[in-house]
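Here are the chains, one letter per residue:
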Amino acid sequence: MHAFSELLDQLYFTAGNNAKAAIITDYLAHTPDPDRGWAIAALAGTLKFDFFKRNTVKKLMLERVDPELFALSYDYVGEMSETVAHLWPQTSSSEQDALPSLAEVVEQFQQCSRNTVGKLLAGYLDSMTAAQRWALIKLGTRGLRVGVSARTIKHILASYGNVDVAEVEAIWHGVAPPYTSLLAWLEGRADKPDIRGEVTFHPVMLSHPLTDGDLNSWSPADWQVEHKYDGIRVQLVSTNKGKALFSRTGDDISSAFPDVLEGLTSHGVVDGELLIMHGTRVDTFNTLQQRLNRKSPTKKLLAEYPAGIILYDILIQGEDSVTEQPLSHRRKVLETWLCEQNASHLHISPTLAVDSLEELNDQYARASEDVAVEGLMLKRRASQYVAGRPKGQWYKWKRQPKLVDAVIMYAQRGHGKRSSFYSDFTFGAWQGDQLLPIGKAYSGFTDDELKKLDNWVRRHTVGRFGPVKEVKKELVIEVAFDAVHPSTRHKSGIALRFPRFHRIRWDKPAREADSLDTVKALIDTPASRKS
Amino acid sequence: MLFTATGSDNGGQVHPSEWITVNDTGLYCQPADTYIDPMVPVAQAIITHGHADHARAGHQRVYATPTTIRIMTTRYGDDMAEQHYPLTYRESVSLGDPDDPVKLTFYPAGHIAGSAQALLEYRGGRIVISGDYKRRPDPTCEPFEVVPCDVFITEATFGLPVFRHPPIEREIQKLLHSLSVFPQRCHLVGTYALGKCQRVILALRDAGYHKPVYLHGALLKLCELYQTLGVSLGTLIPVSEVEDKQSLAGEVVLAPPSALADRWSRALPDPRTVMASGWMQIRARARQRQAELPLIISDHCDWPELLQTLREVDAPEVWVTHGREDALIYQASQMGYQAKALSLLRFDDEDEPA
């Protein structure tokens, strides 16, 4: 545990991927199994505990510190693990030498129950330094944020074992922490782990946003054009060992969508968009959110918001990988595969007939009108299915965001790197003489603009509500967002989807910002949606 | 804005809230027509200590401790004020109307050399403006002295319970350990020029480090001043006088924080960036500073010391300024004191010498 805490500390304060890789490689070479494998799992985000949660930590902390002081501290530090690491009462009996190994810690947290986790955790926190407490809480609650992604880890492992990174990626989801068989193979002490038939997530292929020059030499025959759907990207996996639905980040979301897994009659791995669908009619993203993050949906919810998938690609047909086939071929394979299933909730993404650039522009204009989709996808017919974001293969062409002028009303400090800056802004629109908050935004500005905004907030504060500062209603921002939905949760009666800064209108008088009615006029009604 | 009178005419006493106000220029004592640590030039100013967010040039008359005045003339030149009146600790002077005077007395604040708390007494009311202060031992200044009063104005730079400063000896050990692990790297330590710089050098000497310490030009004058004030800092060499910069591998170089990531540091051999500040306790802050080795060394109180001070001073009323007021106000109220925020315009948090 001591070495792991040191590792995290070093990674946190070391800049540069190469330097970080050197630190991790050194750790791998000098740390025994299974500790090092658990550390890899922690860094790659594949370590999960059933009962060691943020809330567990918070509850223990609130038994030891005034809630008001905790809230102010958390707001300032901007991060739970570190807040608790510093706030936890220091005990004189801090027995540094008696700290258990990382594997023992992991094992104990995996074996503990809902009732015993608190005592176990408190005991450890009592015996640790602030830095070790930070490491332990990070370990338990995931999201280490030390600037090392799962992808980086795979690259480091590949170079550690002197193998191609694609080999590591291919078996990654078929091996489990503490990765002893993987490490043994990388160190040349054992054969490559056999993962055939495992229900594993396969890294997905991603697109680039279309930029101005991309259409210069565009030839229609080379491209498949589809709608870009407004749901979430998923991967459906069915093997003889079972089936599962994965999010694009590899999270298993099967339990939230049991209806999607029904009716699969043959094996395969397919790629598509998860949506709420009434037959072929696509419902809003808002309705999909009713079902996301629900561990087990009620019958009522399933009936009210039935889920479906619009499929657009296939990675494995039966037991055979087709990723090295061109898209044009995979499309045919996907059509065949879909015919074999007994699943009316699975659909195929229609391809759009486009024979010229004019027709493409025309389709884009129509897609922008169609509220059921977000824009177009352009995919090279010859593209192989390559994990990651290969250049020049797939493009997304999103419809233009909607824009309104709103007035900044409140500001709050950001988190992490931004914890010293006022970077989270609540903005409002006019209803008569009154401003009503319509959303929050914390992105879309440059670092320089952030400094100016921060400075502006400090000089224009008129009130405080705990961590939130109320500012003079003087600054207008042009807010971009993807959609507006009616909402009963907000006084304004609306909710914006993904609002962000588009421009700061230092010049514009607040009185000339948009009215709430103007914003409401941009609402997409579900009735206007069609598949 | 005038604070509402909370304890007026209490047996002939006049509560400080009736004669101490805050306006755009700063904290103002009406019957003495004097500002305390004003940010713009004024006719008459009381200066608690020499840091730039308290001591500015251009006032007509300045009251400060003799050391603070030497610091100010070192930084701003001999004409930093038209007249200055050095006042040693525990010596008093009358300000304002001789028939209805305000009495000013300085007491040690333990923050940096010359730092003082200002006690103002008027018609039986007593207010202590503590400026910046700390409670840890500091060989460069007299320790903080508890002064009874009706109103205690306290800073809250580290006014959150997450702030618990470790002993300076432990932090200096981290630096020495790093020197042994990375003997080929120049250890470039960011320190504020006044106070922090000298304290870090002294702590290095106390830990048995007697090699020369190399200095960025911006730190020279104040180190010389400290030496003439009788603080022995050992051998100091300006980096500008080192012909072969490669010879600084494995040496300690002190520079102001702004110089850490500046072009200036590029000449140094594989510098390891070290930063000495109370802010370094918060990881995100350390990373913002791009510090590879953060040292938590502060010239302010940590949270337990702030609370200890409130208890020891035991003033019925506490005004909180300069930092994270909310938590300290809340805690002081919990402890039974009347507490409120005093909004004084200061520099941005991050540039404060902390």
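Because the structure is predicted, anything quoted here is derived from the model rather than measured. (Residues numbered from 1 in each chain as written. Chains lettered and ligands numbered in written order. Predicted model: local features only at pLDDT ≥ 70, side-chain atom pairs only at ≥ 80, totals over all residues. Heavy atoms only, no water.)

Participant: Honestly, helix α4 (residues 54-62) of chain A in this entry has me stumped. Any pointers?
Facilitator: Counting along an α-helix, one turn takes 3.6 residues, and residues three or four places apart therefore face a common direction. Residues and elements named next belong to chain A. Listing the buried residues of α4 in full gives Thr56, Val57, Leu60 and Met61. In a view along the axis of α4, the buried residues occupy a sector of 130°, so they form one face of it. Residues of α4 that are exposed and point over 90 degrees away from its buried face: Asn55 and Lys59. Elements in contact with the buried residues of α4: α5 (67-77), α6 (80-87), α8 (117-126) and α9 (130-141). (Buried < 20%, exposed > 50% of the residue type's maximum accessible area, 1.4 Å probe, protein only. Helix = DSSP H or I, 4+ residues; strand = E, 2+ residues; numbered from the N terminus. Arc of directions from axis to C-beta. Contact = heavy atoms within 4.5 Å.)

Participant: In this structure, what is going on with the packing of aromatic side chains? I would like to understand it.
Facilitator: In this description, a pair of aromatic rings is defined by centroid distance and the angle of the planes. Inspection of every chain in the model, using the stated rule, returns 25 aromatic pairs over all chains. Measuring from centroid to centroid gives 4.8 Å for Phe158(B) and Phe163(B), while their planes differ by 65°, and the two rings are edge-to-face. Each member of the pair, Phe158(B) as well as Phe163(B), is classed as buried. Connected via pairs of aromatic rings, a cluster forms that spans Phe49(A), Phe52(A), Phe109(A) and Tyr124(A). The side chain of Lys379(A) reaches across the aromatic face of Trp394(A), ending 4.5 Å from its centre. In this structure, Arg497(A) is placed above the aromatic ring of Phe285(A), and the distance from its NZ or CZ to the ring centre is 3.6 Å. (Phe/Tyr/Trp six-rings, centres within 6.5 Å; stacked < 30°, edge-to-face > 60°. Lys NZ or Arg CZ within 6 Å of the ring centre and 35° of its normal.)

Participant: So what exactly am I meant to see when it comes to a positive patch on the surface here?
Facilitator: Residue and element names in this part refer to chain A. A cluster of like positive charges, contributed by Lys48, Lys53, Arg114, Arg142 and Lys295, occupies part of the molecular surface. Note on placement: Arg142 falls in the loop between α9 and α10 (150-161). Judged by relative accessible area, which is 31%, Arg142 ranks as partly exposed. (Patch = residues over 30% accessible without salt bridge, like charges linked within 9 Å, V, L, I, M, F, W, Y side chains within 5 Å. Areas by Shrake-Rupley, 256 points an atom, 1.4 Å probe, with all protein chains shown as cover. Salt bridge = Lys/Arg side-chain N within 4 Å of Asp/Glu carboxyl O. Lys, Arg positive; Asp, Glu negative; His and termini not counted. Charge placed at Lys NZ, Arg CZ, Asp CG, Glu CD.)

Participant: Teacher, can you tell me more about the pattern of salt bridges here?
Facilitator: Residues and elements named next belong to chain B. Per the stated rule, a full pass over the model turns up 44 salt bridges over all chains. The closest approach of N and O atoms between Arg185 and Glu292, which form a salt bridge, is 3.1 Å. Residue Arg185 is found in the loop between α2 (168-181) and β12 (187-190), and its partner Glu292 is found in the loop between α5 (283-288) and β17 (293-295); the two are separated by 107 residues along the sequence. Relative accessible area serves as the criterion here: at 13%, Arg185 is assigned to the buried category. Under the relative-accessibility criterion, Glu292 is labelled partly exposed at 25%.

Participant: Please explain the sheet that holds strand β5 (residues 59-64) of chain B as it appears in this structure.
Facilitator: Whenever strands of a sheet pair, they do so through backbone hydrogen bonds, lying parallel or antiparallel. Residues and elements named next belong to chain B. Read from one edge of the open sheet, six strands run β1-β2-β3-β4-β5-β6, paired in mixed fashion. Among the strands making up the open sheet, the edge pair consists of β1 (20-23) and β6 (81-86). Averaged over all pairs of adjacent strands, the angle between their axes in this sheet comes to 30°, without regard to strand direction. As defined by bridge partners, strand β3 (residues 34-36) adjoins strand β4 (residues 44-46) across two bridges and the pair is classed as parallel. Bridge pairing links Ile36 to Ile46 in β4. Here helix α1 (residues 66-76) sits on the sheet in contact with β5 and β6, set at roughly 155° to β6. (Pairing = 2+ DSSP bridges. Axes fitted to C-alpha atoms, helices over the stretch in contact; angles between N-to-C directions.)

Participant: Just to check I follow, could you spell out the nonpolar core for this structure?
Facilitator: Considering soluble globular proteins, one finds that nonpolar side chains tend to be buried as a cluster. Among the nonpolar cores identified, the biggest contains 120 residues, and Phe4(A), Phe109(A), Leu136(A) and Leu139(A) are the most heavily contacted of them. Broken down by element, the residue count for this core peaks at seven residues, all from helix α3 (residues 35-44) of chain A. Excluding anything up to four places from it in sequence, Leu136(A) contacts Met1(A), Phe52(A), Val105(A), Phe109(A), Leu121(A), Tyr124(A), Leu125(A) and Met128(A). With 35 residues, the next largest nonpolar core counts Ile71(B), Val189(B), Ala203(B) and Leu233(B) among its residues. (Core = buried A, V, L, I, M, F, W, Y, C linked by side-chain atoms within 4.5 Å.)

Participant: What should I look at first to understand the pairing of strand β17 (residues 476-481) of chain A in this one?
Facilitator: Two faces belong to every sheet, and in a regular strand the side chains alternate between them. Residues and elements named next belong to chain A. Counted residue by residue, β17 has six buried out of six residues, so it is predominantly covered. Taking every second residue as pointing to the same face, both faces of β17 are buried, with Val476, Glu478 and Ala480 on one and Ile477, Val479 and Phe481 on the other. In this sheet, β17 lies alongside strand β12 (residues 402-413) in antiparallel orientation, the contact comprising six bridges. In the strand pairing of β17, Val404 is matched with Val479. Where β17 and strand β20 (residues 500-505) come together, five bridges link them in antiparallel fashion. Across the sheet, the residue bridging to Ala480 is Arg500, located in β20.

Participant: Just checking my understanding: could you explain the environment of Ser247(B) for this structure?
Facilitator: Residue and element names in this part refer to chain B. Secondary-structure assignment places Ser247 in the loop between β14 (236-238) and β15 (252-255). The class for Ser247 is partly exposed, based on a relative accessible area of 42%. Expressed as a C-alpha distance, the spacing of Ser247 and Leu268, which sit 21 residues apart in the sequence, is 8.9 Å.

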